[in-house]
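This is what each chain is made of:
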Amino acid sequence: MSTLTAKQDVRRPQRSILPWLATPALLLFTGFAVVPLVGVFALSFTTWDGIGSIRLTGLTSWRAVLTDPGLPHALWVTFLVMAVSWAVQTPLSILLGTFLAGRQRYRAVLGVVYFVPLMLSSAAIAIAYEALLDPNFGLGAGLKIQALSQDWLGRPGLAFGVVIFVVSWQFVPFHSLIYQGGVQQIPKSLYEAAQLDGAGRVRQFFSITLPQLKYTIITSSTLMVVGSLTFFDLIFVLTEGGPGDATRVLALDMYKRGFQASLMGPASAIAVILVLVGLALALLLRRLGGRDAAASQLEGAS
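Not measured: the values here are computed from a predicted model. Each chain carries its own residue numbering, running from 1 in the written order of its sequence. The model is predicted, so local features are restricted to residues of pLDDT at least 70 and side-chain atom pairs to those at 80 or more, both for listing and for counting; the totals for chains, interfaces and linings are taken over all residues. Computation of side-chain values: all heavy atoms of the structure, hydrogens and water removed.

(A) Layout of a nonpolar patch on the surface. Here, patches come from residues exposed beyond 30% relative accessible area and free of salt bridges, joined within 9 Å for like charges and within 5 Å for nonpolar side chains (Val, Leu, Ile, Met, Phe, Trp, Tyr). Accessible surface area values rest on a Shrake-Rupley calculation with a 1.4 Å probe, where residue burial reflects the displayed protein chains alone. When a carboxyl oxygen of Asp or Glu lies within 4 Å of a side-chain nitrogen of Lys or Arg, that pair is called a salt bridge. Together, V116, M119, L120, F165 and W169 give the surface a local cluster of nonpolar side chains, amounting to about 500 Å² of exposed area. Contributing elements (two or more residues each) for the nonpolar patch: α4 (105–119) and α7 (156–184). Each helix is a run of H or I in the DSSP string that is no shorter than four residues. Each strand is a run of E no shorter than two, and both are numbered from the N terminus. Along the chain, the position of V116 falls in helix α4.

The following block contains the structure:
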């Protein structure tokens, strides 16, 4: 009995220390995430030009945003960029991550090379691609290739495709790294058993690798979907939302209202909408993953 009491006394200080260890992270999260979010939410009920005094105007900013005919279009472009970029990045990231998970030495070198685009600034990438795609002085004109000498950023369909390509080029390496780690965690015994059954590499990929990467796909998709809501600097430098409003996503609309039109109230309302949409999508993806996890646990218990 005394031994049990002694063990409990030893465990109590350790348990009491855990909340204090989390306090610094909680303070940082509160100071840099919660407080600014509350401030933006409060600012959405005001009228402010960014310089003068802040005037409380109730729902005026929200009415201006929600009744703006450009809002549905910006939402549509935002979700379209999100969906298409996810559809392009996910298969490429899975294939590259699976390829880089091999043990050959040259794959490690390629992994470093693939990771370089993520280390570059989005604005610098946009400037580089803008110069490369210039129909008069860009890559097509230099190589005298007519197919590349098009007005890539002056036509709506081409401009949208360029945005998707550049976004994928920049962020596929990051998600490939996630999938590489996920593939390396798959037990080798599964592949050995599949080889004994005569399964080839393609069959192993679809029967073992993809099912085992289910939760990795959910994690990567969450980062991809929520991150696509914040695409601003790359699109701003590359197309400025044009031609017309073909690439005007909601984050760019927020910037133009707040810093070009000096309408901080409506811009804050759009920021709140972005946060709510991102939170809803993240919870939805997490709920899907949670249901699958719970189902797998029940199956394992039975």
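(B) Region of interest: the pattern of salt bridges. Taken as a whole and judged by the stated rule, the model has four salt bridges. Among the salt bridges present, the one from D253 reaches R248, with a minimum N-O distance of 2.7 Å. When accessible area is computed with a 1.4 Å probe and restricted to protein chains, residues below 20% of their type maximum are described as buried, those above 50% as exposed, and intermediate ones as partly exposed. In this structure R248 comes out as partly exposed when scored by relative accessible area, which is 21%. A salt bridge links D253 to R257; its shortest N-O distance comes to 3.4 Å. Pair noted here: D253 and R257 are both in helix α12 (residues 250–260), with a separation of four residues, about one helical turn. The exposure classification of D253 matches that of R257, with both residues buried.

(C) Representation of the side chain of H175 in the model. Turning to its location among the elements, H175 is positioned in helix α7. A contact between two residues is defined here by any heavy atoms of the two lying within 4.5 Å. Residues within four places of H175 in sequence aside, it is in contact with Q89, S93, S220, L223 and M224.

(D) The packing of aromatic side chains, seen in detail. Classification of ring pairs uses Phe, Tyr and Trp, with its six-membered ring standing for Trp, and accepts pairs whose centres are within 6.5 Å; under 30 degrees between planes counts as stacked, over 60 as edge-to-face, and the remaining range as tilted. All chains considered together, the criterion is met by 10 aromatic pairs. With centroids separated by 5.1 Å and ring planes inclined at 80 degrees, the aromatic side chains of F41 and F45 adopt a geometry described as edge-to-face. Residue F41 is classed as partly exposed on the basis of its relative accessible area, which comes to 43%. Looking at F45, the relative accessible area reads 21%, which means it is partly exposed.

(E) Highlighting the nonpolar core. Formed by 20 residues in total, the largest nonpolar core has its most connected members in V81, V162, V166, L234, I235, L238 and V249. Those elements that provide at least two residues to this core are α3 (70–100), α5 (122–132), α7 and α11 (233–238). For this core, the element with the highest residue contribution is α7, accounting for six residues. Residues in contact with L234, not counting those within four places in the same chain, are S122, A126, V166, V167 and Q170. Only buried residues count toward a nonpolar core. Its members are Ala, Val, Leu, Ile, Met, Phe, Trp, Tyr and Cys residues joined through side-chain atoms within 4.5 Å.

(F) Representation of the UniProt feature "domain: ABC transmembrane type-1" (unreviewed entry) in the protein within the structure. The positions UniProt marks with the feature "domain: ABC transmembrane type-1" (unreviewed entry) are residues 75–285. Within the segment residues 75–285, helix and strand shares are 76% and 0% respectively, and the terminal C-alpha atoms sit 19 Å apart. UniProt positions are given in the numbering used here, feature names are shortened, and annotations may be inferred rather than shown by experiment.

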